[in-house]
Amino acid sequence: METIRLTIDNKTVEVPKGTTINKAAKEIGIDIPVLCWMELHDLNIENRPAGCRICVVEIDGRRNLAPSCATKCEEGMVVRTHTTRVLNARRTVMEFILSDHPKDCLTCPKSGNCELQTLAHQLGIREIPGQEIAAMSTYRKDTSPSIIRDLDKCILCRRCEMMCNEVQTVGALSAVNRGFMAVVAPAFEQNLEHSTCTYCGQCVAVCPTGALTEVDHTPEVLRALADPTKTVVVQTAPAVRAAMGELFGMKPGTLVTGKMVSALRALGFDYVFDTDFAADLTIMEEGTELLDRLNRFLQGDKTARLPILTSCCPGWVNFFEEYFPDLKDVPSTAKSPQQMFGAIAKSYFADKIGISRKDMVVISIMPCLAKKYECQRDEFSEDGNPDVDFSISTRELAAFIKQANIDFNNLEDGDFDAPLGESTGAGVIFGTTGGVIEAAVRTAYEIHTGKKLEKVDFTELRGFEGVRSATIDFDGFPLNIGIAHGLGNARKLLNDVRSGKSLFHAIEVMACPGGCIGGGGQPLHHGNSEILKARAAAIYEEDRNKPIRKSHENPFIIKLYEEFLGKPNSEKAHHLLHTQYFDKKKKIVVKQ
Amino acid sequence: MAREKMQILVCGGTTCSDGQGEAVFENLNLEIEANALENDVHVVHSGCFGLCSMGPVVKIVPGNTIYTKVSPDDAREIVSEHILKGRKVERLLWKDPSGNTLVKEDEFAGQKKQLRIVLRNCGIIDPENIEDAIAHDAYAALGKVLAGMKPTDVIQVIKDSGLRGRGGGGFSTGLKWKIAYKNKADQKYVVCNADEGDPGAFMDRSVLEGDPHSVLEAMAICGYSIEAGKGLIYIRAEYPLAVARLRTAIAQAKEYGLLGKNIMGSGFDFDIEIRYGAGAFVCGEETALIHSMEGLRGEPTVKPPYPAESGFLGKPTNVNNVETLACISPIILKGASWFAGIGTERSKGTKVFALAGKINNVGLIEVPMGTTLREVIYEIGGGIRKGKKFKAAQTGGPSGGCLTEKHLDIPIDFDNLTAVGSMMGSGGLIVMDEDDCMVQVAKFFLEFTVEESCGKCAPCRIGNKRLHELLEHITKGKGTLADLDRLKNMCLVIKDTSLCGLGQSSPNPVLSTLENFRDEYEAHVTLKKCPAGQCKDLMEYFIIEENCVGCTACARVCPVGAITGERKEPHHINPDICIKCGACMEKCKFDAIIIQ
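Residues numbered from 1 in each chain as written. Chains lettered and ligands numbered in written order. Predicted model: local features only at pLDDT ≥ 70, side-chain atom pairs only at ≥ 80, totals over all residues.

A. How the structure looks around the overall build of chain A. On a plain count of helices and strands, chain A comes out with 19 helices and 22 strands. For 592 residues, the compact-globule formula gives about 25 Å, and the C-alpha radius of gyration of chain A, at 25 Å, lands near that figure. Oriented by its inertia axes, the alpha-carbon framework of chain A measures out at about 75 × 60 × 55 Å. A total of 592 residues make up chain A; the buried ones form 53% of that total. (Helix = DSSP H or I, 4+ residues; strand = E, 2+ residues; numbered from the N terminus. Rg over C-alpha atoms; globule rule 2.2 N^0.38 Å. Buried ≥ 20, exposed ≤ 12 C-beta atoms within 10 Å, placed from the backbone.)

Below is the structure:
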C-alpha cells in the first residue's frame, strides 16, 4: 500500500494514501475537534460536508485554513492543528454557530448528550460576543407520530440528510432555502408526516443537537401507571437490553435484562413481559408461511410468491408501502412482534386474567421510533382501542428510570412474568441484523426436514456487511437467503425482486444499519461503530445463554397454540397475527 | 455572401432592447420598406456597443455614425435624412459629457484607451447570422486547430499566451486545460460558465448576445484540446435574449457542420447543450455550478478533487468563463506572443469592465490589463458625475474591495488588485463619490452576500449575517471602538475558514473600507457622526438662527410637528421628534436648515 509521510504539530507520521489529516492526527494522539463530520466505520457510512469548519488546521503553503476532516494528506505536508490562528478561527466559528443556537439547554432533550454542548465546553466558550444584536434563524416546529423537528437547533451538519438520502435512500430530507435561512426539510417544506419519511429514526440517531428528537410518550405511560382502573402490561424488545446499560454508564455490550425487568417492576408495571415471546410467535407464523410458499413453489404452483420478505420492521414496512407498493403481496403477512404481542395480550391474556381489553394498557419498550407510528396504525386497533397503546424508546425508558430515583446499576436481576415473558434464543436475536432469518431457519429447517438441527448457530447469516447472502442446505434443497440492513441496501434487493432477477427464497430486511441494535430509539452512538458491534455481541451472548434456542420449542408458545390459536396460520392466528399492506405512495398536492 | 450597401445596426443588448430598442428596430424596418430600400439597406440587431447609459443606440455603416437615445419616432428622420439624403441627424448624435458632439466611436477620447478582443464583434456583426460571424473570422481558429494542431499544441499556445481565467480566480487557462487533458476518461466535459451573478456586471451577457459563435468556437477548441466530446453552457435563465441567441447560434453551427459529428471533416465530434441556472450567485463557483447541472442543490464541495479530475457526473470537466472563452480564437489566430504582448507581466490581454456608479459614462469597456484606474475613470469613464470628488471604486463585484485615491495610478491587473485587498472578480467597477458613506457601502455589498450565501458552511452562513448586523449597529451610532476590532476579526476568520470563494471573499468590502476609511468608521462609533451624511440615525437637522426669517414654511411641511417657533422669529427643530425626512430642508428658501 502506498504511504504518505507528513508532519503534524512537529511530529512525523506515515499513513496510507487517501487518509485525511484528521485521521492521521488521531494516529499520533492529536484529537482535532470535529462537529459535522461523523463516521460509522464498519458500516461504510461517512458524513463529510466540511460545513462546520470547526476542524480547520493550518497547512504550510496554503492561503486558507483547511478542514482536516476532508483534506487528504499529501507527501511532505506540514500541518499545525493548534496555532493561535487556528484556535482563534475555531473559537470564532463556534461563536458564530452558538450565536444562532437557542440557549435553552436546561430543558433541551439532548442536554448532556449534545455534541454542540460538549464542544462548546471543550473550546471553553464562556460568552457569545454580539449576541444582543444577533438575529436567530427560526423555523416552525414539526411534530410527526414519531419524530420532532426543532430546526432552531439545527446546525446544518447535514448528517440527517446523508442518512436519509445516501444510507436509507428515503429522500425525505434535504437542504432547502439558502444562506441564513437554509434548513433541512422535506420537499416543498412539507411536514415530515406528509413526506416520504419512514420514521426509521436514523436522522435522530445521528443528530448532534436537539434538532431531531423522538416524540416523548413517557407522560402517557405515567398517566396509565397512575390510573388504578388500568392493568398496565409492558413488553421489551430484544435490542433494548443490549444497549440501555450505556445510559447508566455501563460498558457498551453490557446485558441488563434482569435489571431492566426489576426497574420496570419498580416503576409499577403490573406485568413485565417480553417482546421476545412474540418474536417466537412471529417465527411460528412467518416460518409456516415461508414453508407453505416454498412447498407450493416446489410443487410448481406459479402463484407462490418467492422470495418471502420479513415484515417485523415497521420502518421497512413503511418503506415498501411508499416505494414498492406494487410488491405489497411479497412480504410475509405476519405482524411485527410488537403488534403480535399487543394482539395476544389484549385477547388471550386479558381473558386469562379476566379483564376487558379496555382496562388493559399495553406499553412497549422499543429501540425504534417507527414503532411509535406502527402502534398508531388503524389496522392495529379494535373499536378504537389500540393493541399497543404507547411505545417508548430505550432512551425514554432510561430517562424514566432516572426520574423515578431507581438505582438501576445496583438493582437485583428480576425475571419476566409468565406466560408472555418466556422466550427462546431465537427470539432474542431478532435484535440484530440477520437474527430474524436465523431464527426462522432454526424452526423452518426442523419442521421442513423433520430432523433435529445439530448446530443452531448459523454464523454465515451474521455480520455487518450491508447486503449478505447465504445458502442453507434444507436436506438437499438449497435455500437461498438474502439479508439487508439499511434501507438503501434493501432497495437493491427489492429492485431485483421487482425485475424478477432475485434468486433468493427468503430475504430479511431491517431498516436500521446494524438492525434494531442501531435503532433510532437507542442510546446515541455518536459515530462509534464499535458500540454497535458490542451490542450485537451481547445479543448473541444472550442467545447462547438461553436453555431453549428454537422458537417452536418455547413451551408457552406451544401452550398458546394448544389453548387458543390452534395451529400456525389458522383462521384465528390469521385474524390476530397477520395484517395487510397498503399503497402509500405520496402524491404531491400543492396547497395554496 | 451578399452584402447590402448600407447597414443600420440597432443595439440588441438587453439594456437597449428593454428600453424602446425593439420599437426602434421595427420602425426602422418599416421606413426602409416604405422607401423600398430593402435591397440596399439592411437593419440588423447587433450586440452591445457598451454605451448602455445612452441607449437605445443605432449605428450606421459605412461611416460608423452613432446615434444615441433614439426613440421609435426618430426612425423616419434617420431614414429620410441620413440614408436618403446623406445628412446626419445632428440632434441624435452622440455627445460626450462636456457636450461635444461625437460621430464615430473612435472620436471618443475614452475609446482610444480601449482595445477590443473579447468584444471584438459586439456591435459589429449580426449575432443571429452565422455568415456574418464567419465573415468576421468565426470558426477560422477552429479550422486551424483541426487542420494541423495536436491537442498538446493548442494547450501550449494557450499556456504561452498567459491567459488567466476571467471569472474571478485568475487561474492559468492553459494549465487548467492541461490538467483536464491529462486526466483520461471515456467522457469529458467542457463547461461554459455563463452564470454571471455579480450585480452590475454584464460582459458575459453582452458577449453571448453580441457574438455567441466566439464562445461556441472556443468550447469546441477546448473540447478538441482536452479530448472532450461534449460541451455544456450553464446560463442563468434570466438571460432570455442570450439564451435565444445561443440556441440560434448552436443550430446554425450544427447546420454548417461546425458542431456535431465529424466537424469540418476532421473526425472530431463535439456537441453543445444549454443548461439553465436559477440565478444563484454561488452557482458561479465551479463545483456548485456542476452540482446544479447535475440536478442537485447548488452548493460547493471541497476542492480537491477539482473538476478537472472529477467534475460533471464524476467525469473530468473543464469549466471556463464566457470572457475567457471569447479570448481563445484570437489567440489561436494571432498567436500566443501577440496576446502575451498585451497587458502586464503576469496578467495578459484585456479585461472587460462594467462601469457603474457615480461616473459619467456608464457601460461596458474593454481595456488592456495594466490600464490605471485613473485612465478608466477619468478618460474612459468621463470623470465623476456632477463634478464631485472621487472617493472610492469597488472592483470585483460585491466581494471585491474598495480602491481609493491612492490607488488611482496602480496598473489594474490580477495581482495588483489582490495586493491592495480587492480582486479582479468578473470585472464590475462601481465608482463612489464624496457623498457615499463607506460603512453604508460595505453594508450594501454585504447585504448581497448574506442573501446569496448557500448556507452550507457556518462562517459564511452565520458570520456574514453577523457582520451585516454589526455594520447596521454601527450605522445606527450604537457601535464602539471594540466593535471595530471584532468586525475585523470576524472578517479575517470568515475569509480564512469559508468553504468556497464566496465566503472567502465576502468580507473584502468591509476589510478594505475598514483599512482605507478607518477614520470614517471611527467617526461613526466615537463621534456618532456620519461624515458623508448618509446614516440617517446619525443625522441631525438644525436651523441656523441668523438665516431663518420665520416664514413658517418648514413648520407647516413637517409631518410630525417637530418644528416650533413664532412667525417672523427663528424656528427650532426638536431632535427627539424629528424623523429626518428632509422635507423642511427642501422647503426652506433661505438655506437656514442644515444637517449636522
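B. Representation of the overall build of chain B. Along its length, chain B carries 23 helices and 19 strands. Computed over the C-alpha atoms, the radius of gyration of chain B is 27 Å, within 12% of the 25 Å expected from 2.2 N^0.38 for a compact globule of 596 residues. Its C-alpha atoms give chain B principal-axis dimensions of roughly 90 × 65 × 40 Å. The buried share of chain B, taken over its 596 residues, is 55%. Restricting to contacts in chain B with at least 6 residues of sequence separation, those with at least 24 account for 72%. (Contact = placed C-beta atoms within 7 Å.)

C. Expanded view of helix H18 (residues 481-497) of chain B. In this model H18 of chain B runs 25 Å from its N-terminal to its C-terminal C-alpha over 17 residues, within 8% of the 24 Å that 1.5 Å per residue would give. For H18 of chain B, the set of buried residues is Asp483, Leu487, Met490, Cys491, Val493, Ile494, Lys495, Asp496 and Thr497 of chain B. Where H18 of chain B is buried, its residues contact strand S5 (56-59) and helix H2 (84-99) of chain A together with helix H17 (458-475), helix H19 (501-505), helix H20 (508-516) and helix H21 (518-527) of chain B. (Expected span 1.5 Å × (residues − 1).)

D. Representation of the interface of chain B and chain A. The interface of chain B with chain A comprises 28 residues on the first partner and 30 residues on the second. Looking at which element gives the most residues to the side of chain B that touches chain A, the answer is H17 of chain B, with 10 residues. Residue classes in the side of chain B that touches chain A are distributed as 11 nonpolar, 7 polar and 10 charged. (Nonpolar A, V, L, I, M, F, W, Y, C, P; charged D, E, K, R; others polar.)

E. Up close: the sheet that holds strand S9 (residues 271-277) of chain B. Residues and elements named next belong to chain B. Spatial strand order, S9-S8-S7-S10: 4 strands in an open sheet with parallel pairing. The outermost strands of the open sheet, each flanked by one partner alone, are S9 and strand S10 (317-321). Between one strand axis and the next, the sheet turns through 25° on average, direction left out of account. Sheet topology note: the strand S7 (residues 189-194)/S10 ladder contains 5 bridges and is parallel. Paired with Val190 across the strands is Asn318, a residue of S10. (Pairing = 2+ DSSP bridges. Axes fitted to C-alpha atoms, helices over the stretch in contact; angles between N-to-C directions.)

F. Spatial organisation of unusual backbone geometry. Residue Pro307 of chain A is reached from Leu306 of chain A by a cis peptide bond, and omega for that bond is 0°. Looking at the element boundaries, Pro307 of chain A is found in the loop between helix H9 (275-298) and strand S15 (308-309). In the segment running from Gly55 of chain B into Pro56 of chain B, the intervening peptide bond is cis, with an omega of -10°. With respect to the helices and strands, Pro56 of chain B occurs in the loop between strand S2 (41-46) and strand S3 (58-61). Even without glycine at this site, Lys580 of chain B takes up a positive phi of about 60°.

G. Seen up close, the nonpolar core. Among the nonpolar cores identified, the biggest contains 350 residues, and Trp316 of chain A together with Leu28, Val215, Met219, Ile221 and Ala393 of chain B are the most heavily contacted of them. Core analysis: the second largest hydrophobic core is formed by 12 residues, Tyr541, Ile543, Ile563 and Cys588 of chain B among them. (Core = buried A, V, L, I, M, F, W, Y, C linked by C-beta atoms within 7 Å.)

H. Geometry of the environment of Glu31 of chain B. All names here are of chain B. Mapped onto the secondary structure, Glu31 falls in helix H1 (residues 14-34). Sequence separation between Glu31 and Arg76 is 45 residues, and the spatial gap between their C-alpha atoms is 6.1 Å. Those residues in contact with Glu31 that lie beyond four places of it in its chain are Ala75, Arg76 and Val79.

I. Structural detail: H20 of chain B. For H20 of chain B, a buried count of 8 out of 9 residues is recorded, marking the element as mostly surrounded by other parts of the structure. Along H20 of chain B, the residues that are buried comprise Asn508, Pro509, Val510, Leu511, Ser512, Thr513, Leu514 and Asn516 of chain B.

J. Representation of the domain arrangement of chain A within the structure. Residue and element names in this part refer to chain A. For chain A, the assigned domains are domain 1 (3-82), domain 2 (99-214) and domain 3 (218-577). Each of domain 2 and domain 3 has a C-alpha centre, and the two are 30 Å apart. Taken together, the contacts link 19 residues of domain 2 with 24 residues of domain 3. Of all elements in the fold, only helix H4 (159-167) and helix H5 (202-206) reach the threshold of two or more residues within the side of domain 2 that touches domain 3. Here the side of domain 2 that touches domain 3 gets 3 residues from one element, more than from any other, and that element is H5. Its residues assigned to classes, the side of domain 2 that touches domain 3 comprises 8 nonpolar, 8 polar and 3 charged. (Domains from an automatic or database assignment.)

K. Looking closely at the domain arrangement of chain B. Residues and elements named next belong to chain B. As far as domains go, chain B holds domain 1 (6-106), domain 2 (130-340), domain 3 (350-433), domain 4 (438-527) and domain 5 (540-595). Relative to domain 2, the C-alpha centre of domain 1 lies at a distance of 33 Å. In terms of residue class, the side of domain 1 that touches domain 2 is made up of 1 nonpolar, 6 polar and no charged.

L. Geometry of the pairing of strand S1 (residues 6-11) of chain B. All names here are of chain B. Note that S1 and S2 share 6 bridges and pair parallel. Along S2, the bridge assignment pairs Cys11 with Ser46. Examined bridge by bridge, S1 and S3 share 4 bridges and lie antiparallel to one another. Within S3, the residue paired with Gln7 across the bridge is Val61.

M. Layout of the packing of H2 of chain A against H17 of chain B. Look at H2 of chain A against H17 of chain B: their axes get within 9 Å of each other, and the N-to-C directions meet at 75°. Taken as axis vectors, H2 of chain A and H17 of chain B run roughly perpendicular relative to one another. Residues Val93, Phe96, Ile97 and Ser99 of chain A of H2 of chain A lie in contact with H17 of chain B, whose contacting residues are Ala458, Pro459, Ile462, Gly463 and Arg466 of chain B. Per-class residue counts for the contact of H2 of chain A with H17 of chain B are 6 nonpolar, 2 polar and 1 charged. (Parallel < 35°, antiparallel > 145°, perpendicular 65-115°, else oblique.)

N. Fine view of the sheet that holds strand S20 (residues 467-474) of chain A. Residue and element names in this part refer to chain A. An order of S15-S22-S21-S20 is seen for the 4 strands of this open sheet, with the pairing classed as mixed. Strand pairing shows two members of the sheet lacking a second neighbour, S15 and S20, which therefore form its edges. With 8 bridges connecting them, S20 and strand S21 (residues 477-485) associate as antiparallel partners. Across the sheet, the residue bridging to Ser469 is Gly482, located in S21. Lying on the sheet, helix H15 (residues 435-449) is in contact with S20, S21 and strand S22 (506-510); it crosses S20 at an angle near 15°.

O. Spotlight on the confidence of the model for chain B. Averaged over chain B, the pLDDT score is 91; the fraction of residues at 70 or greater is 97%. This complex was scored by the predictor with a pTM of 0.91 and an ipTM of 0.94. (pLDDT = per-residue confidence, 0-100.)

P. The arrangement of the packing of helix H16 (residues 438-452) of chain B against H17 of chain B in detail. All names here are of chain B. It is at 9 Å that the axes of H16 and H17 come closest, and there the two elements cross at 150°. Considered as vectors, H16 and H17 are oriented roughly antiparallel to each other. Crossing of H16 against H17: the hand is left-handed. Touching Val439, Gln440, Ala442, Lys443, Leu446, Glu447, Thr449 and Val450 of H16 are Asn464, Lys465, Leu467, His468, Leu471, Glu472, Ile474 and Thr475, all from H17. In terms of residue class, the contact of H16 with H17 is built from 7 nonpolar, 5 polar and 4 charged. (Left-handed = near helix turned anticlockwise from the far one by under 90°.)

Q. Inspection of the environment of Glu322 of chain A at higher detail. Residue and element names in this part refer to chain A. Position of Glu322 relative to the elements: it lies in helix H10 (residues 314-323). By the C-beta count within 10 Å, which is 19 here, Glu322 ends up partly exposed. Spatially, the C-alpha atoms of Glu322 and Thr118 are 38 Å apart, while their sequence positions differ by 204 residues. Not counting the four nearest positions on each side in its chain, Glu322 is found in contact with Thr196, Thr198, Lys584, Lys585 and Lys586.

R. Focus on the environment of Glu566 of chain B. All names here are of chain B. Topologically, Glu566 is positioned in the loop between strand S17 (563-564) and strand S18 (572-573). Residue classification places Glu566 among the exposed residues on the basis of 9 C-beta atoms within 10 Å. As a C-alpha pair, Glu566 and Lys476 span 90 residues in sequence and 33 Å in three-dimensional space.

S. Region of the structure containing the pairing of strand S16 (residues 360-366) of chain A. Residues and elements named next belong to chain A. Most of S16 is tucked away: 7 of the 7 residues are buried. Where strand S13 (residues 231-236) and S16 come together, 6 bridges link them in parallel fashion. Bridge pairing links Thr231 to Met360 in S16.

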